[in-house]
Amino acid sequence: MAYIKVPKAWEIPENQVTTESDYIDRRKFIKNLGLGSAGALLFSSTNACAQGSALEKQLEPFRSQTLDAKKNENFTVERQITDEIVAATYNNYYEFTTSKSTVWKRVEKFKTRPWEIEVSGLVEKPMTLDIDDLIKQMPIEERIYRFRCVEAWAMVVPWIGFPMKALLERVQPKAEAKYVRMLTFLDPEMAPQQNDFRLPWPYYEGLTLAEAMNDLTLLTVGIYGHVLPPQHGAPIRLIVPWKYGFKSIKSVVSIELTDKKPRTFWNTLAPREYDFEANVNPNVPHPRWSQASERMIGTGKRLPTLIYNGYGEAVAHLYK
Ligand SMILES: Nc1nc2c(c(=O)[nH]1)N[C@H]1C(S)=C(S)[C@@H](COP(=O)(O)O)O[C@H]1N2
Ligand SMILES: [Mo]
């Protein structure tokens, strides 16, 4: 009996071919040939139990900072909510590593306080806000959203945040403002992969102003009832649930309103693969794989991809 091992969430094997990371890792592979396989061997012998408690320890300081946010019943999902541990150990955060299962181990130097966010550009009232003041002032609530990465994996998580439009209304966009451009922090001391000069750091993304003002667009400060742990983009990140995950920029320090369509990080790296709009669409395959279905992380289940990730009623009018 003692030999029968029940796999824990963090042991679930990752058979899926990585995809966004292929672009960079193909080049890295050539450079690191040899080293890579030795590293993989070492890693696979890591004791799973030790891993589990290390993860609990990493999450604890964030789990203990609960957020008092009412659940908004307009945003629920029939699909099963993804296990917190699964979501916290399967991240895309290239500032730390391109390996999804180890982001949580690479964030220990990431300081998310104090933190300021600047709102500038074509607005009547530009301002710089302290994150804790912002959280106190904004109407935070819990929303359960589907989340879909362009790599064809998906999850369902309870975010805590406030509609981006609440912040934009406060700074009062000028009539000429047509787009919103957002930036992640830049600090290679905290985020070692920002030393990789092949990538155009800091991470940047953009939306049309109409997309940013849509009620679904959430500036997110929490997950599973507490503040965001670093691997999910603490202390504040965007969630745009009808678009592929790369639009949902993490750890935002700047929001700028502009009259020109902003460039984006992934579009700069691979323009044929990651467009500005990036709406979830089962009928438009990625140049290297189908988008017709998606794998629910932590379950092994494959489900059909929904047009606009299931949010067409709220957003399809934006693309007429
Ligand atoms: N700054 C920054 N934001 C980012 C990324 C990143 O590498 N850096 N990855 C994006 C991608 S590809 C996805 S799928 C989501 C992943 O969010 P999660 O780790 O909280 O699930 O974050 C997005 N935001
Ligand atoms: Mo992604």
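Trainee: Is there a simple way to think about the overall build of the protein in this case?
Mentor: When helices and strands are counted, the protein shows nine helices and 13 strands. Considering only intrachain contacts with a sequence separation of at least 6, the fraction spanning at least 24 residues in the protein is 73%. Total accessible area computed for the protein in this model is approximately 15400 Å², and 56% of it derives from carbon and sulfur atoms.

Trainee: Got a minute to help me understand the nonpolar core in this structure?
Mentor: Looking at soluble globular proteins, one finds that nonpolar side chains tend to be buried together. Formed by 91 residues in total, the largest nonpolar core has its most connected members in Trp159, Met164, Leu167, Val180, Ile236, Ile255 and Leu257. No other element matches strand β5 (residues 153-163), which puts eight residues into this core. Excluding anything up to four places from it in sequence, Val180 contacts Met164, Leu168, Glu205, Gly206, Leu207, Leu209, Ala212, Ile255, Glu256, Leu257 and Pro262. Residues Leu55, Leu59, Ile85 and Ala88 belong to the second largest nonpolar core, which totals five residues.

Trainee: What's the story with the pairing of strand β11 (residues 252-258) in this structure? I'm lost.
Mentor: Look at any regular strand and the pattern is simple: side chains alternate between the two faces of the sheet. The buried count for β11 comes to five of seven residues, which makes it a mostly enclosed element. As paired elements, strand β2 (residues 116-121) and β11 share four bridges and run parallel to each other. Bridge pairing links Ser120 to Glu256 in β11. Two strands pair when backbone bridges link them, and strand β6 (residues 179-184) and β11 are joined in this way by six bridges, in the antiparallel orientation. Bridged to Leu183 within β11 is Ser254.

Trainee: Help me understand the site of ligand 1 in this model?
Mentor: Near ligand 1 lie 20 residues; those nearest to it are Tyr94, Glu95, His232, Ser248 and Lys250. A distance of 3.2 Å separates a nitrogen atom of ligand 1 from a polar atom in the backbone of Asn92. Protein chains bury 99% of the 540 Å² of accessible surface belonging to ligand 1 in isolation. Tallied by class, residues from the shell around ligand 1 come to nine nonpolar, seven polar and four charged.

Trainee: So what exactly am I meant to see when it comes to the pattern of salt bridges here?
Mentor: Think of it this way: side chains of opposite charge can pair up when their charged atoms draw near. Enumeration over the complete set of coordinates arrives at 15 salt bridges. Asp132 is paired through a salt bridge with Arg113; the nearest N and O atoms lie 3.0 Å apart. A residue pair is termed long-range when its members are at least 10 positions apart, and Asp132 in helix α5 (residues 131-137) and Arg113 in the loop between α4 (84-88) and β2 qualify at 19 residues. Note that Lys247 is salt-bridged to Glu205, the shortest N-O span being 2.7 Å. Placement of the pair is Lys247 in the loop between β10 (237-239) and β11 and Glu205 in strand β7 (residues 204-208), with a sequence separation of 42 residues. Of the residues examined, Lys247 reaches a relative accessible area of 1% and is grouped as buried. The structure contains a network of salt bridges with shared partners spanning Glu141, Arg143, Lys165 and Asp215.

Trainee: Explanation requested: the side chain of Thr264 in the structure shown.
Mentor: Along the chain, the position of Thr264 falls in the loop between β11 and α8 (265-269). If near-sequence neighbours (up to four positions away) are discounted, Thr264 is found in contact with Tyr204, Glu205, Gly206, Lys247 and Phe276.

Trainee: Sorry if this is basic, but what is going on with the pairing of strand β3 (residues 127-130) here?
Mentor: The sheet contact formed by β2 and β3 spans four bridges and is antiparallel. Bridged to Ile117 within β3 is Leu129. The hairpin formed by β2 and β3 contains five residues between the paired strands.

Trainee: In this structure, what is going on with the environment of Ala191? I would like to understand it.
Mentor: Relative to the assigned elements, Ala191 resides in the loop between β6 and β7. Overall, the relative accessible area of 0% leaves Ala191 in the buried class. Separated by 97 residues in the primary sequence, Ala191 and Tyr94 have C-alpha atoms spaced 8.8 Å apart. Excluding residues within four positions of it along the chain, Ala191 makes contact with Glu95, Phe96 and Phe185.

Reading guide: rules and limits
Residues numbered from 1 in each chain as written. Chains lettered and ligands numbered in written order. Predicted model: local features only at pLDDT ≥ 70, side-chain atom pairs only at ≥ 80, totals over all residues. Heavy atoms only, no water. Helix = DSSP H or I, 4+ residues; strand = E, 2+ residues; numbered from the N terminus. Contact = heavy atoms within 4.5 Å. Areas by Shrake-Rupley, 256 points an atom, 1.4 Å probe, with all protein chains shown as cover. Core = buried A, V, L, I, M, F, W, Y, C linked by side-chain atoms within 4.5 Å. Buried < 20%, exposed > 50% of the residue type's maximum accessible area, 1.4 Å probe, protein only. Pairing = 2+ DSSP bridges. Near = heavy atom within 4 Å. Polar contact = N/O pair within 3.5 Å; in protein donor to acceptor, adjacent residues only side chain to side chain. Nonpolar A, V, L, I, M, F, W, Y, C, P; charged D, E, K, R; others polar. Salt bridge = Lys/Arg side-chain N within 4 Å of Asp/Glu carboxyl O.

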